[in-house]
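Fold and contact review
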Amino acid sequence: MVCTVTVSVPDFVQSVLGRLQKSGFEAWVVGGCVRDSLLGRVPQDWDVTTSAVPEEIKHCFAGYRVIETGIAHGTVTVISGGKPVEVTAYRVDGTYSDSRHPDFVTFTRSLHEDLARRDFTVNAMAFCESEGLRDDFGGREDLARQVIRCVGSPKRRFDEDALRILRALRFASVLNFSVESKTAEAVRACAGQLHSVAAERIFSEWNKLLCGKGAEAVLCEFPTVPAVFFEELRPLLEDPAARRQTAECVCRAPTEKSLRTALLFRALRGYDAEEQAALAQNALRRLHAEHKMIVRVGALIRTELPESVSLPVIRRLLGRNGEELFSAQLALLRAEGRTDTAAAERLKTEILAREDCISLPQLALKGNDLPGAGKRTGMLLNAALSAVMDGLVPNRKADLLQYLAQLQSDETEQ
Ligand code: ATP
Ligand code: MG
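All of the points below concern the structure found in this document.

Calculation notes
Residues numbered from 1 in each chain as written. Chains lettered and ligands numbered in written order. Predicted model: local features only at pLDDT ≥ 70, side-chain atom pairs only at ≥ 80, totals over all residues. Heavy atoms only, no water. Helix = DSSP H or I, 4+ residues; strand = E, 2+ residues; numbered from the N terminus. Buried < 20%, exposed > 50% of the residue type's maximum accessible area, 1.4 Å probe, protein only. Near = heavy atom within 4 Å. Polar contact = N/O pair within 3.5 Å; in protein donor to acceptor, adjacent residues only side chain to side chain. Areas by Shrake-Rupley, 256 points an atom, 1.4 Å probe, with all protein chains shown as cover. Nonpolar A, V, L, I, M, F, W, Y, C, P; charged D, E, K, R; others polar. 1 Å grid on protein atoms, 1.4 Å probe; cavity = no way out; pocket = protein on both sides within 12 Å on 5 of 7 lines; lining within 4 Å. Points joined across faces, edges and corners; volume = space filled by probe spheres on them. Contact = heavy atoms within 4.5 Å. Core = buried A, V, L, I, M, F, W, Y, C linked by side-chain atoms within 4.5 Å.

Focus on unusual backbone geometry
For histidine 288, which is not a glycine, the phi torsion comes out positive at approximately 60 degrees. With respect to the helices, strands and loops of the structure, histidine 288 is situated in the loop between helix 15 (273-286) and helix 16 (291-301). Of note in the backbone geometry, glutamate 355 takes a positive phi value of approximately 55 degrees without being a glycine. Summarising the element assignment, glutamate 355 is placed in the loop between helix 19 (341-354) and helix 20 (377-389). A relative accessible area of 64% places glutamate 355 in the exposed class.

And the structure:
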C-alpha cells in the first residue's frame, strides 16, 4: 500500500537516493528514520535500502568515500556531504542457527521481502519521493495506536533473533508505546533465549530501555526479561510491590544510565552499599560495560548524605567526589524520596561560587613549602586541608604554616 505521507529527507541523503535511482535502481529511506519522521521526531540517522546489490552500490558511488564494514550483510556506508549514510541491499535473512545473526543473507529485488525481514511493523516502512510511503505491514496504524508489534509471527521472529525480545521492550520504553498482546506473550515466553545473545548487544538495548519515557511500565510488566541478564536483581524483580516501587523511583531520576542502574541495585534488600556495589559491578563487567560506567555506578551506589549537613561536610563530599558526581548523588537521593537535599544543594552552590578550598591543588600550601617534612609531607598537607575545610584556618600560606607548626608542637608536648 502506498500512502500520501511526506518525510523530509535531508539533501545529503536525497543525493544518495538520487544517484541510485538515476542508475535504474529502487532506493528508499527505511526503518527508524521513517518511523521517527512520522512521529515528528528528529531521526538520529538515515538508512537507505535499495534494489542494487552490493557490487552495484559500490559502482554507483565510485568517487565517493565508501566504507565496506558490513558488506557481507549487504551494507556499505557512503559518506555524503561529510555525513555517513548506510546503504543496504534489499535482503532476506537466511536461517538462524544461533539466534544471533543469520548464517547467510540472500539479496532480493523485492522491497516487500526486505521489509518482511525487519523486526517491528513501525520499523518496516520505507519512503521515497516518487513513490511516497511504503507500509506493507500496518506500521502507520500501529504508530497511531502506539503499539509495538512484530512483523509476522512473534514467536518465530524471536526464535530467529532473541535480541528482538529486548528491542521490543526498548522501543516500547523509548516511544512510550505498549506491546501488542501476541508480541507481549511471545516476549514473556521467549525471554530465556536472551541467554544466547552477545552481552554487548543486550547491554546497548537495555540502557536505551532504562532511559526511555516508558521504562516504568516496561519494568513493571516484563520483569522476567531483565532478570535473564541481571540475575542479581531477580529477588527485586520477582516481588510485585518492590518492583513497582523501584520502577517508580528509577523513573523519577534523570535519564542517565549509571544513575538508574545504581538505583536498581540500591533497592536490593538485605545487602549493604558495599555489597550492592560489588553485585552491580560484577553484573556490569559481565555485560561488558565500559570501565568508566562500572566505576561511576559503584560511586553512586555508595552515596551517603548525613541528615544534618554543614559547610565542612559538604566541602568534604564535594572534594572527594567532584561537582558532577556529587550533583548526580543528590539527584539519586531525590529520586529515592529524600526530601532534605535542598540544604546540601544550597551549600554546594555557595562553596563553588566562593571557590572554597576543597582539594589539595587549591591549598595555598605545597609540598615544597615544607622542606624537611619528608614522609610526613602528605599527612601534613592533608591536615592543613582538613583545617581549611573545617573553617579553622584561612587558606593562606603563612596561616597554614603557623597552624602546622602549632600542631607539631602540640604533638611533641603530648
Ligand atoms: P534507532 O533510532 O535506535 O537507530 P532504528 O529503528 O533505526 O532505531 P537500528 O538498530 O538502527 O534501529 O536498525 C535499523 C533498522 O533495521 C530497524 O528499524 C529495523 O528495520 C531493522 N533491524 C535492526 N535490528 C533488527 C533485528 N535484530 N531484526 C530485524 N530487523 C532489525
Ligand atoms: Mg538507526
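Quick look at the site of ligand 1
Surrounding ligand 1, one finds 13 residues, the nearest of these being Arg35, Asn123, Asp161, Arg164 and Arg170. Measuring from an oxygen atom of ligand 1, one finds a side-chain N or O atom of arginine 118 at 3.1 Å. Side-chain polar atom of arginine 170 to an oxygen atom of ligand 1: 2.7 Å apart, as the coordinates give it. Bound to the protein, ligand 1 loses 80% of the 590 Å² it would expose on its own. Elements supplying a minimum of two residues to the shell around ligand 1: helix 2 (32-38) and helix 7 (163-175). Among the elements that take part in the shell around ligand 1, helix 7 stands out by supplying four residues, more than any other. Counted by class, the shell around ligand 1 contains one nonpolar, three polar and nine charged residues.

Digging into the layout of surface pockets
In this model, the largest pocket occupies a volume close to 1,500 Å³. Around the largest pocket sit 40 residues that line it, and Asp47, Arg118, Asp119, Arg167 and Arg170 are the ones nearest its centre. Contributing elements (two or more residues each) for the lining of the largest pocket: helix 2, strand 3 (47-50), strand 6 (83-89), strand 7 (91-93), helix 7 and helix 9 (199-210). Looking at the lining of the largest pocket element by element, the count peaks at seven residues for helix 7.

Some remarks on the side chain of threonine 246
Structurally, the position occupied by threonine 246 is in helix 13 (residues 240-252). Polar contacts involving the side chain of threonine 246 include one to the main-chain carbonyl oxygen of alanine 242, which spans 2.7 Å. Ignoring any residue separated from it by four or fewer positions in sequence, one finds threonine 246 in contact with Leu236, Leu263, Leu264 and Ala267.

Side note on the nonpolar core
Core analysis: the largest hydrophobic core is formed by 123 residues, its most contacted members being Val29, Trp206, Val225 and Phe229. Dropping the residues within four chain positions of it, valine 29 is found in contact with Val9, Val13, Leu17, Val34, Trp46, Asp47, Val48, Met125, Ala126 and Phe127. Membership of the second largest hydrophobic core comes to seven residues, among which are Val30, Tyr90, Leu111 and Ala126.

Things to note about empty space enclosed by the protein
Within the structure shown, the criterion is met by one cavity of 30 Å³ or more. Its volume calculated, the largest cavity comes out at about 50 Å³. For the lining of the largest cavity, the secondary structure elements donating two or more residues are helix 12 (234-238) and helix 13. Per-class residue counts for the lining of the largest cavity are five nonpolar, one polar and one charged.

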